[in-house]
Amino acid sequence: MQQISNYINGQLVPPLSGNYLENLNPAEGKVYSFLPDSDERDVEAAAVAAQAAFLSWSQMPLAKRAAILLKIADLIDRDLEGLALAESVDQGKPVKLAKSVDIPRASANMRFFATASMHVAAESHLMEDEAINYTTRTPVGVAGCISPWNLPLYLFTWKIAPALASGCTVVAKPSELTPMTAFLFSKLCMEAGLPSGVLNIVHGLGKKVGQAIVEHPMIPAISFTGGTVTGKTIAATAAPMFKKLSLELGGKNPNIIFADCDFEEALSTSINSSFSNQGEICLCGSRILVERSLYDRFVSEFVKRTRALAVGDPLNEATRLGALVSEGHMQKVLSYIELAKQEGGTIACGGERVKVDGRCASGYFVAPIVITALPQSCRTNQEEIFGPVVTIMPFDAEEEVIAYANSTAYGLSATIWTNNLKRAHRVAHHLKSGIIWINCWLLRDLRTPFGGMKQSGVGREGGWEAMRFFTEAKNVCVKL
Ligand code: NAD
């Protein structure tokens, strides 16, 4: 059975403990590989290697540094099929989605920041005839990058690409639930000629490896994507050490549908925004709010189309929903169905485990769930479930739906469907969300800021400014 290695100081190495964790294929419910059960000693080795590599990487001519990152992007494209397959097996997502979204966006991340790094301008401020200030930005040093399981290579590269492009060296940790594509990525880095120690990947558990990265005194900046609860722990550790912190956390995103929308587009995109990747995308809309005059028609069509979604073997190109990432996560999702019933909700469809024949007979499959008749204040509508679960609720007035949309502790993304131009902008203006889509969903321009408000995170930056996080500004004031 395949054994994943750490990538430290340019080498693929075993964990110092010699211990490994089981890596499951969630579509089969079976162990299919092993990953290092690393600890603080592996993180120490990675941090020392990253520190040693920092000077030469940060001083490398920009064009040369960018060329290496662009080469990695090309290699991701070359290996698209293999990476997509690995990601599908690791996470349970349909291979078609991995091929069309995750892997292409991973190479886009590398390419965007590689090229952006060559166009960053410095600032200067003239104080009339008295003085001139110029501001320099230099890489902060070794960056710690910690990523989740839901879009494994896409979010892993989203963290490390701006760090490497800005001249930082990196100690990174992918999720223990989905380590395979980061392992394959380390091989691509070696093939691309990334100098030893520039990127170090330490596999293992969050409480051991992640915590050791956050605590490490040689790592002054932590870029984290994951759950809000983990984000709080990380902030509590990093803040007293005065580390730079970027936190991209959970969401409970509203999807607002006005009666004057383009019905077919709103409906079909809402099916995607609810159930893509089994609803395991932080940007999925999990609370659908529909103007009352359209409500009955929308619910009836939405439920009909949800029932028709093919749940099954992720490797089958026709599959729309694959397996949930783990048995534990499946149990969490199912527990919310019970909660929704206790809270008085009506299950319009789904919620049962789906038995898939053949090799997937023991996989973690759940039929997508639509719940109605729940108030916005209940737990089902306030807490992030992170699975194929949506609630639908009617509204009567614009102010009312804005209040509903803003009523959770989260503020990651929102979607608005309307053909009323003024209303679209007005509602967007009043929503407390980091990203708002009008008549579309999941379009991403990497030049724009990304991240959430409230408990969905801190540290939103867009485009090349995302690299700012990994730098320190210094102002020099010169008397004229
Ligand atoms: P998680 O918080 O459990 O884990 C994320 C990463 O943190 C993993 O690599 C994990 O090993 C590590 N970790 C766990 N405990 C740690 C600790 N004490 N110190 C340091 N690292 C630790 O999240 P998850 O279950 O992997 O991912 C799902 C969550 O991520 C959802 O809440 C989802 O909304 C969120 N998410 C947010 C975004 C975004 O851009 N805002 C994107 C994707 C996912």
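These numbers were taken from a predicted model, which means no experiment stands behind them. (Residues numbered from 1 in each chain as written. Predicted model: local features only at pLDDT ≥ 70, side-chain atom pairs only at ≥ 80, totals over all residues. Heavy atoms only, no water.)

On to helix α6 (residues 180-192), then. In a regular helix each residue adds 1.5 Å, so 13 residues correspond to 18 Å; α6 covers 19 Å between its end C-alpha atoms and thus fits that length. When α6 is considered as a whole, its buried residues turn out to be Met-180, Thr-181, Ala-182, Phe-183, Phe-185, Ser-186, Leu-188, Cys-189 and Ala-192. Remark: Gly-193 follows α6 within two positions and exhibits a positive phi of approximately 85°. (Helix = DSSP H or I, 4+ residues; strand = E, 2+ residues; numbered from the N terminus. Expected span 1.5 Å × (residues − 1). Buried < 20%, exposed > 50% of the residue type's maximum accessible area, 1.4 Å probe, protein only.)

Another aspect to go through is the sheet that holds strand β25 (residues 471-479). Ordered by their spatial adjacency, three strands build an open sheet running β6-β7-β25, and the pairing between neighbours is antiparallel. Each edge of the open sheet is held by one strand with a lone partner, namely β6 (123-127) and β25. For this sheet, the mean inter-axis angle between neighbouring strands, taken without regard to orientation, is 20°. In this structure, strand β7 (residues 131-139) lies alongside β25, joined through nine bridges in antiparallel fashion. Looking across to β25, one finds that Ile-132 is bridged to Val-478. (Pairing = 2+ DSSP bridges. Axes fitted to C-alpha atoms, helices over the stretch in contact; angles between N-to-C directions.)

Once that is clear, we can look at the domain arrangement of the chain. On domain assignment, one finds that the chain holds domain 1 (2-249 + 456-479) and domain 2 (254-447). Distance from the C-alpha centre of domain 1 to the C-alpha centre of domain 2: 30 Å. On the side of domain 2, 32 residues touch domain 1, which itself brings 33 residues to the contact. Roughly 2,600 Å² of surface becomes buried between domain 1 and domain 2 when both sides are summed, with 58% attributable to carbon and sulfur atoms. It is Ala-27, Trp-149 and Ser-456 in domain 1 that bury the most area against domain 2; as a group they hold 19% of the surface buried on that side. Across the salt bridge formed by Glu-317 and Lys-99, the nearest N and O atoms sit 2.9 Å from each other. The interface formed by domain 1 and domain 2 includes twelve residue pairs in polar contact (both at pLDDT 80 or more). Breaking the side of domain 1 that touches domain 2 down by element, the ones donating at least two residues are β4 (20-25), α3 (80-91), α4 (95-116) and α5 (152-165). (Domains from an automatic or database assignment. Contact = heavy atoms within 4.5 Å. Buried area = accessible area lost by both parts, 1.4 Å probe. Salt bridge = Lys/Arg side-chain N within 4 Å of Asp/Glu carboxyl O. Polar contact = N/O pair within 3.5 Å; in protein donor to acceptor, adjacent residues only side chain to side chain.)

Attention now goes to the pairing of β7. Alignment of β6 against β7, held across five bridges, turns out to be antiparallel. Looking at β7, one finds that Ser-124 is bridged to Tyr-134. Adjacent in sequence and paired antiparallel, β6 and β7 are bridged by three residues, among which Glu-128 carries a positive phi angle near 40°.

On the basis of which strands lie adjacent, the open sheet formed by three strands has the order β1-β5-β4 and mixed pairing. Pairing within the sheet leaves two strands with one partner each, and these edge strands are β1 (2-3) and β4. Here α3 sits on the sheet and contacts β4 and β5 (30-36); the angle it forms with β4, its principal contact strand, is near 100°.

For the ligand, the set of nearby residues contains 27 residues, the closest of which are Ser-147, Glu-176, Thr-230, Leu-249 and Glu-384. Residue Thr-230 places a side-chain N or O atom 2.6 Å away from an oxygen atom belonging to the ligand. Relative to its unbound accessible surface of 850 Å², the ligand loses 89% to contact with the protein. Among the elements of the structure, α7 (206-215), β11 (221-225) and α8 (228-238) are those that each provide at least two residues to the shell around the ligand. Sort the elements by how many residues they give to the shell around the ligand and α7 lands first, with three residues. Residue classes in the shell around the ligand are distributed as twelve nonpolar, eleven polar and four charged. Per-domain counts for the shell around the ligand show at least three residues from each of domain 1 (2-249 + 456-479) and domain 2 (254-447). (Near = heavy atom within 4 Å. Areas by Shrake-Rupley, 256 points an atom, 1.4 Å probe, with all protein chains shown as cover. Nonpolar A, V, L, I, M, F, W, Y, C, P; charged D, E, K, R; others polar.)

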